[in-house]
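# Examination of the molecular architecture
Given next are the chains, with one letter for each unit.
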Amino acid sequence: MELESGAQAPERRYLKSYRTTLLLAYQSFGVVYGDLSTSPIYVYKSTFSGKLQLHEQDAEVLGVLSLVFWTLTLIPLLKYIVFVLGADDNGEGGTFALYSLMCRNSKMGLLNNLNTVHDHLSIYRLETSQKETRTSMLIKNFFEKHQSSRIVLLLVVLLGVSMVIGDGVLTPTMSVLSAVSGIRIKVPNLHENYMVFTACIVLMALFALQHYGTHRVGFLFAPILIAWLCCISGIGIYNIIKWNPGVVRAVSPYYIYNFFKITGKDGWSSLGGIVLCITGAEAMFADLGHFSKFSIRMAFTAVVYPCLVLAYMGEAAYLTKHKEDLQKSFYKSIPEQIFWPVFVIATLATVVGSQAIISATFSIISQCRALGCFPRVKIIHTSSSIHGQIYIPEINWLLMFLCLVVTIGFKCTDTIGNAYGLAVIIVMFVTTCLMFLIIVTIWKRTVFLALLFIVFFGSLELLYFSACLTKVHNGGWLPLVFALLALIAMSAWHYGTSMKQSFELQNKVCLDQLLSLGPSLGLVRVPGIGLIYTTTVTGIPPMFAHFVTNFPAFHRVCVFVCLQTLTVPKVLPDEQFLIGRIGPPEYHIFQCIVRYGYKDLRWDSDEFENQLLMKIAEFLQRSESNGEMSVVSGKHSDTVVNAMARIGETREVKKKVRFRGVGVKQEVKELIEEKESGVAYMMGHTCVVAHESSSFIKKFTINVIYGFLRRNSRRPAVALGVPHTSLIEVGMLYNV
């Protein structure tokens, strides 16, 4: 019997894994594919809205269908499902995940914080150690030698991120307005303002529900999308059989050749509408962290892709017999008996599709904020079990305001579609360019394969991009303005933050120098524990020296806390804290580096406080039991990094150290007593200004843009959840 049950164990594990994958694939319908699945509402309308209206024969309709079919096949199916999903960053996807992967494996990124403190992390040891190719070495050396190339790479990444944020405005506007416009099929005399008003009500309701979190309404999403896909595929089959079964011939690329032969330049300009059929394809990669590669591939290949192909074929079959309905073909192709149920499902589906891009916008802004590329905003985690479900109030209301402005200002889906297509294709082209570097430097493949990838997909995307550029004057300028503003804000914030950190690093002081002033200052050690937040890994921050020289007293136990966000998604809990000592034991001064991944959930102040003091107690016990030389001279305080790295590599003691009833050395007992006396948090309230001799561009960036963002973003203490009654802020002026 035991042998039999043992033989069944692998089968049970396989069934459990299979069920988990099916469940993830089911859930992905409501999160990943909403935007992509609602594209049939407006693709043909947008494509035939320009000069292509002059070409209304069957050859043109079948040519557009062939273009849609092969665009869906080559970009979402071949590029993303087959290739891009394989470039995940330990299960995380998106533009920043690709950049993080390059930063961690080379010195190509400006956000690279890989050093001796972090190189023993498990996630670094798990990286593949394939042999470097000659091309890989040349590319890495080029980026290492030329800082300008690293700046350009970061700007390209931020451009892609900015376009995703722009999608967060355009997707809800385009989807909801297109769905609501179906009312005019039944009420043709309805004024346009009523359509806009209805769309605004739906948009306000959508954004007002965001604070509840997708975990409370998410169970509705997947059934709605599945019902929507069933509707459009069923209607597609019906239209194919009833109107023109011959449209299936459009899978032949010959119809593309024939289309351009007939339409010429007009056909090329129509590509700006055809590209809308792949809106939302980037979400398959961006939302990878919530699911698995196999579940996303299964859902798209088995359900989404065939349903979309049938929907587009059915609409084309209807158009071949009803040329007069080119501007309202989707709703006109719906059978009369089921129009209103499909209209309701379509409206709900567009809301779901909008929810997906709004959640993706929250997620990517959270990543940018964690890595110092976005101002501090409030991030609320709406689910205790799924970290990716977050809500950012400031961004939510800003998106709602911009959506309403675009809806009221443009009203026409054709103009919004021009803007939408340009934003989508730029994001995809940025991903293609980053994939070239991933293939060569991370996967260590030959440059021929990388060139083949970028030439094939890049040339296709550039063709669409060129068509979208011709419509810049007719709404296409909108995503460019959004992207420019977001790019300026993120670049200025990153530059100002880096200047501030460089100033603190250059002006740090050593402990011996500070304590040498003790007799003249009359330094006093007061009861309690002081947590001094700093951006420097070693040494004493200038903020603390400024405080002591003006108020010569500090706590009996001092801990210099440096919070670092690494270019990894998550850091294991046992590897988050690095503890070291500054000066001799009687000083009771410690250095702590707390490491987070850009997807990690940060503790609140009480939990962080307990975790930190627990780790200090464990550090003291390990130092005593292992005989570690944990005392680091203040004169040579830079060596604290190496000491902490060695301590970080030691195995964690199995038994947790408790603050009470544990027979540890006297220093831990004193730590307990000082904790009971109280814990205070010290932070710098800095004002960063450019030096008088700086250039005009630097002064404008630091004094105007960065200063405006700093004054209007959340203060560090608020962002970290530090209790106001325990906070000590030290005013500082940095001339950078």
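Residues numbered from 1 in each chain as written. Predicted model: local features only at pLDDT ≥ 70, side-chain atom pairs only at ≥ 80, totals over all residues. Heavy atoms only, no water.

## Overview of the overall build of the chain
Per the secondary structure count, the chain includes 31 helices and eight strands. Sequence-distant contacts, at least 24 apart, represent 85% of the contacts inside the chain between residues at least 6 apart. Per element, the accessible surface of the chain, about 31,400 Å² overall, is 62% carbon and sulfur. (Helix = DSSP H or I, 4+ residues; strand = E, 2+ residues; numbered from the N terminus. Contact = heavy atoms within 4.5 Å. Areas by Shrake-Rupley, 256 points an atom, 1.4 Å probe, with all protein chains shown as cover.)

## A word on the sheet that holds strand β5 (residues 577-581)
The strands making up a sheet associate through backbone hydrogen bonding, with each pair oriented either parallel or antiparallel. The six strands lie next to each other as β5-β6-β4-β3-β7-β8, forming an open sheet whose pairing is mixed. Where the open sheet ends on each side, the last strands, each with one partner, are β5 and β8 (727-735). Between one strand axis and the next, the sheet turns through 25° on average, direction left out of account. Bridge count between strand β7 (residues 679-689) and β8: nine bridges; the pairing is parallel. (Pairing = 2+ DSSP bridges. Axes fitted to C-alpha atoms, helices over the stretch in contact; angles between N-to-C directions.)

## Some remarks on the pattern of salt bridges
Per the counting criterion, the structure on display carries seven salt bridges. The shortest N-O distance in the salt bridge between lysine 323 and aspartate 58 comes to 2.8 Å. On the criterion of sequence distance, the pair formed by lysine 323 in the loop between α17 (293-321) and α18 (329-332) and aspartate 58 in helix α4 (residues 58-83) is long-range, its members being 265 residues apart. With relative accessibility at 33%, the residue aspartate 58 sits in the partly exposed group. Among the salt bridges present, the one from glutamate 618 reaches lysine 615, with a minimum N-O distance of 3.8 Å. (Salt bridge = Lys/Arg side-chain N within 4 Å of Asp/Glu carboxyl O. Buried < 20%, exposed > 50% of the residue type's maximum accessible area, 1.4 Å probe, protein only.)

## Topic: unusual backbone geometry
Even without glycine at this site, lysine 444 takes up a positive phi of about 60°. Owing to a relative accessible area of 12%, lysine 444 belongs among the buried residues under this scheme. Even without glycine at this site, histidine 588 takes up a positive phi of about 55°. By the secondary structure assignment, histidine 588 is in the loop between β5 and β6 (589-597). Its relative accessible area of 18% is what places histidine 588 among the buried residues.

## Digging into the pairing of strand β4 (residues 553-566)
Counting buried residues in β4 gives twelve out of 14 residues, a clear majority hidden from the surface. When strand β3 (residues 524-534) meets β4, the two strands line up parallel, connected through nine bridges. By the bridge assignment for β4, valine 526 is matched with histidine 555. In this structure, β4 lies alongside β6, joined through nine bridges in parallel fashion. Each bridged residue has a counterpart across the sheet, and for threonine 565 the counterpart in β6 is tyrosine 596.

## Here's the deal with the nonpolar core
The nonpolar side chains of a soluble globular protein tend to be buried with one another. Counting residues in hydrophobic clusters, the biggest one holds 168 residues, and the most contacted among them are Tyr33, Trp228, Met284, Phe300, Tyr312 and Tyr331. No other element matches helix α21 (residues 413-442), which puts 19 residues into this core. Beyond its immediate sequence surroundings of up to four residues, tyrosine 33 is in contact with Ser28, Leu225, Met284, Ile296, Ala299, Phe300 and Val304. (Core = buried A, V, L, I, M, F, W, Y, C linked by side-chain atoms within 4.5 Å.)

## Details of the packing of helix α12 (residues 221-243) against helix α19 (residues 339-370)
Look at α12 against α19: their axes get within 9 Å of each other, and the N-to-C directions meet at 130°. If you check the angle between α12 and α19, you find them oblique. The crossing of α12 and α19 is left-handed. The residues of α19 that touch α12, namely those facing Phe221, Ile224, Leu225, Ala227, Trp228, Cys231 and Ile235, are Val342, Ile345, Ala346, Leu348, Ala349, Val352 and Gln355. Taken together, the residues of the contact of α12 with α19 sort by class into 13 nonpolar, one polar and no charged. (Parallel < 35°, antiparallel > 145°, perpendicular 65-115°, else oblique. Left-handed = near helix turned anticlockwise from the far one by under 90°. Nonpolar A, V, L, I, M, F, W, Y, C, P; charged D, E, K, R; others polar.)

## So, the side chain of glutamate 674
Among the structural elements, glutamate 674 can be located in helix α29 (residues 666-677). Using a relative accessible area of 9% as the deciding quantity, one classes glutamate 674 as buried. From its side chain, glutamate 674 meets the backbone nitrogen of glycine 528 in a polar contact 2.7 Å long. (Polar contact = N/O pair within 3.5 Å; in protein donor to acceptor, adjacent residues only side chain to side chain.)

## Some details on the packing of aromatic side chains
Overall, the coordinates contain 35 aromatic pairs when judged by the stated rule. Arranged with centres 5.9 Å apart and planes meeting at 85°, the rings of phenylalanine 142 and phenylalanine 143 form a pair that is edge-to-face. Here phenylalanine 142 falls in the partly exposed class, since its relative accessible area comes to 43%. By relative accessible area, which is 10% here, phenylalanine 143 ends up buried. Taken together, a centroid distance of 6.2 Å and an interplanar angle of 20° make the contact between tyrosine 533 and tyrosine 681 stacked. Remark: tyrosine 681 occurs in strand β7 and tyrosine 533 occurs in strand β3; sequence separation between them is 148 residues. Exposure class is identical for tyrosine 533 and tyrosine 681. Each is buried. Taken together through their ring pairs, the aromatic side chains of Trp228, Phe330, Tyr331, Phe339, Trp340 and Phe343 make up a single cluster. (Phe/Tyr/Trp six-rings, centres within 6.5 Å; stacked < 30°, edge-to-face > 60°.)

## Remarks on a nonpolar patch on the surface
A cluster of nonpolar side chains, namely Phe696, Ile697, Phe700 and Val704, defines an oily patch on the protein surface of about 450 Å² accessible area. For valine 704, the position within the fold is in helix α30 (residues 696-712). (Patch = residues over 30% accessible without salt bridge, like charges linked within 9 Å, V, L, I, M, F, W, Y side chains within 5 Å.)

## Observations regarding α29
The end-to-end C-alpha separation of α29 is 17 Å, in line with the 16 Å expected for twelve residues at 1.5 Å each. Residues Glu667, Val668, Leu671, Ile672 and Glu674 constitute the buried set of α29. Angular distribution of buried residues about the axis of α29 spans 165°; they occupy a single face of the element. Of the residues one or two after α29, glycine 678 is the one with positive phi, at around 130°. (Expected span 1.5 Å × (residues − 1). Arc of directions from axis to C-beta.)

## Comments concerning the side chain of asparagine 244
Position of asparagine 244 relative to the elements: it lies in the loop between α12 and α13 (254-263). The exposure class assigned to asparagine 244 is buried, which follows from its relative accessible area of 15%. The contact partners of asparagine 244, leaving out residues within four places of it in the chain, are Asn239, Ala317, Thr320 and Lys321.

## A few points about the state of the cysteines
Scanning all chains against the criterion turns up zero disulfides. Take cysteine 231: it sits in no disulfide, and the sulfur closest to it among the cysteines is that of cysteine 230, at 7.1 Å. (Disulfide = S-S within 2.5 Å.)

## With respect to the environment of valine 509
Checked against the element boundaries, valine 509 lands in the loop between α23 (477-506) and α24 (511-515). Separated by 32 residues in sequence, valine 509 and proline 541 place their C-alpha atoms 6.6 Å apart. Non-local contacts of valine 509, meaning those with residues more than four positions away in its chain, are made with Gly539, Ile540 and Ala545.

## Here we look at the environment of valine 430
Assignment of secondary structure puts valine 430 in helix α21. Leave out the neighbours within four places in its chain, and valine 430 touches Thr95, Val156 and Gly160.

## Overview of the confidence of the model for the chain
Residues of the chain with pLDDT of at least 70 account for 85%, and the chain-wide mean is 81. Contacts for the low-pLDDT stretch residues 1-7, under 50 throughout, to residues beyond four places or in other chains number zero contacts. Note on residues 628-664: pLDDT under 50 across the span, and 72 contacts to partners over four residues away in sequence or across chains. (pLDDT = per-residue confidence, 0-100.)

## Here we look at the packing of α4 against α13
Viewed as axis vectors pointing N to C, α4 and α13 meet at an angle of 130°, and their least axial separation amounts to 8 Å. Taken together, the axes of α4 and α13 are oblique relative to one another. Two packed elements cross with a definite hand, and for α4 against α13 that hand is left-handed. Residues Ala59, Glu60, Leu62, Gly63, Val64, Ser66, Leu67 and Trp70 of α4 touch α13, and the partners they reach there are Tyr255, Ile256, Asn258, Phe259, Phe260, Ile262 and Thr263. Taken together, the residues that form the contact of α4 with α13 break down as ten nonpolar, four polar and one charged.

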